[in-house]
Amino acid sequence: MDFTRNEAGALVWLTAPSLAVPGAVHGFSTRLGGVSQPPFDTLNLSFGRGDDPAKVRENFGIFCAAIGAETERMVCARQVHGDAVRTVTADDAGKGFSRVRDYEADGLITDVPDLPLVIFTADCIPVLLFDPVRRAVGACHCGWRGTALGIAARTVERMVAVYGTDPADLRCAVGPGISRCCFETDGDVPEAMRASLGAEAEPLVDDHGNGKFHVDLKGINRLWLLRAGVRPENISVSNACTAHNLDAFFSHRRMGPARGSLASVIQLVPCK
Ligand SMILES: [Zn+2]
């Protein structure tokens, strides 16, 4: 089942069927429904790309209100294409939004309610995770380097170690990002995937025989989740290709550096 398209006025965002369970709220932004001017039009959710910070704050307010997340308490990843996973506590509230981030991490996990975890992408793959039993959430940014490092599996492993998560309980979403159709690469990308996944990478790589390849980053992240013990029926994978649909998404590959960023947010909500 593909992701659900949600609308509130001009705002459009996606939600994952696997995460449509009580206990957490989440959303994957599109570029629709914000207030930023070109080339950030309109729902840019990055402070780091040259957009007017007041507009970015307003955009976050619009998006978070729609999905039910606490804007002011957002904790943002500081993404470096690595595999570090940060255990986020209440002390981190607002970091990357209203306060400086004193860490580098492509993955974030927390068991604190009302503390939204935020990942930024524009072609890279966002992955959100929810353990409804131990009551913990996770989010990670999977570019091709992070994907080769298995950041999605590292995030599951940290939830197991820190919160006692049973991977069989985890609900996961592999969000909108560049799909196999548009992710053309040189040999370095498939080489990195083969080095970490062996023969299991082969069905997820098309070798065109001319030094060019197409790689299924979403499929590889799904594979990492399966390897970490997540059940296939608990993983939703978005069909949306960011590079294919510039009306709805920002794409680094298609737009270059003059663009906005998408955000993926997940937040535990308090027990009623
Ligand atoms: Zn595509």
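Right, let's walk through the structure included here. All values reported here derive from a predicted model rather than from experimental measurement.

Details of the coordination of the zinc ion
Moving on, step 1. Every protein donor of the zinc ion is listed here as Cys 181 (SG), Cys 182 (SG), Cys 241 (SG) and His 244 (ND1), and their distances to the metal cover 2.2 to 2.3 Å.
Moving on, step 2. Because the angles between the four donor atoms bound to the zinc ion fall within 95 to 122°, the donor set is best described as tetrahedral.
Moving on, step 3. One chain supplies every donor to the zinc ion, and in sequence these donors are spaced C-C-x58-C-x2-H. Residue Cys 182 is located in the loop between strand E10 (171–174) and strand E11 (184–185), and its partner His 244 is located in the loop between strand E14 (235–237) and helix H6 (252–255); the two are separated by 62 residues in the primary sequence.
Moving on, step 4. Judged by its relative accessible area of 53%, His 244 is exposed.

Observations concerning the side chain of Ser 18
Moving on, step 1. Along the chain, Ser 18 falls in the loop between strand E2 (11–15) and strand E3 (24–29).
Moving on, step 2. Exposure remark for Ser 18: the relative accessible area of 3% places this residue in the buried category.
Moving on, step 3. Within the structure, Ser 18 has its side chain in polar contact with the backbone oxygen of Cys 172 (distance 2.7 Å).
Moving on, step 4. Other than its neighbours up to four places away in sequence, Ser 18 contacts Arg 171, Cys 172, Ala 173, Asn 234, Ile 235 and Ser 236.

Details of the side chain of Ser 264
Moving on, step 1. In this structure, Ser 264 sits in strand E15 (residues 262–268).
Moving on, step 2. Leaving out residues up to four positions away in the same chain, Ser 264 has contacts with Gly 27, Phe 28, Leu 117, Val 118, Ile 119, Pro 126 and Leu 128.

Quick notes on the packing of aromatic side chains
By convention here, two paired aromatic rings are described through the distance between centres and the angle between planes.
Moving on, step 1. For the coordinates displayed, the defined rule picks out five aromatic pairs.
Moving on, step 2. Ring centres of Phe 3 and Phe 28 lie 5.4 Å apart, and the angle between their planes is 50°; this geometry places the pair in the tilted category. Within this pair, whereas Phe 3 is found in the segment before strand E1 (4–8), its partner Phe 28 is found in strand E3, the two being separated by 25 residues in sequence.
Moving on, step 3. Using a relative accessible area of 9% as the deciding quantity, one classes Phe 3 as buried.
Moving on, step 4. Ring centres 5.6 Å apart and planes at 85° place the aromatic pair Phe 60 and Phe 97 in the edge-to-face group. Placement of the pair is Phe 60 in helix H1 (residues 53–67) and Phe 97 in the loop between strand E5 (85–87) and strand E6 (107–110), with a sequence separation of 37 residues. The same class applies to Phe 60 as to Phe 97, namely buried.
Moving on, step 5. Here a set of aromatic residues connected by ring pairs shows up, and it is made of Phe 47, Phe 60, Phe 97 and Phe 120.
Moving on, step 6. It is Arg 154 that lies over the ring of Trp 224; its NZ or CZ is 5.7 Å from the centre.
Moving on, step 7. The ring centre of Trp 224 lies 5.6 Å from the NZ or CZ of Arg 227, which sits over that ring.

Cut-offs used in this document
Residues numbered from 1 in each chain as written. Predicted model: local features only at pLDDT ≥ 70, side-chain atom pairs only at ≥ 80, totals over all residues. Heavy atoms only, no water. Donors = N, O, S within 2.8 Å, 3.2 Å for Na, K, Ca; no water. Tetrahedral: all angles 85-135°; square planar, octahedral: opposite > 155°, others 65-115°. Helix = DSSP H or I, 4+ residues; strand = E, 2+ residues; numbered from the N terminus. Buried < 20%, exposed > 50% of the residue type's maximum accessible area, 1.4 Å probe, protein only. Polar contact = N/O pair within 3.5 Å; in protein donor to acceptor, adjacent residues only side chain to side chain. Contact = heavy atoms within 4.5 Å. Phe/Tyr/Trp six-rings, centres within 6.5 Å; stacked < 30°, edge-to-face > 60°. Lys NZ or Arg CZ within 6 Å of the ring centre and 35° of its normal.

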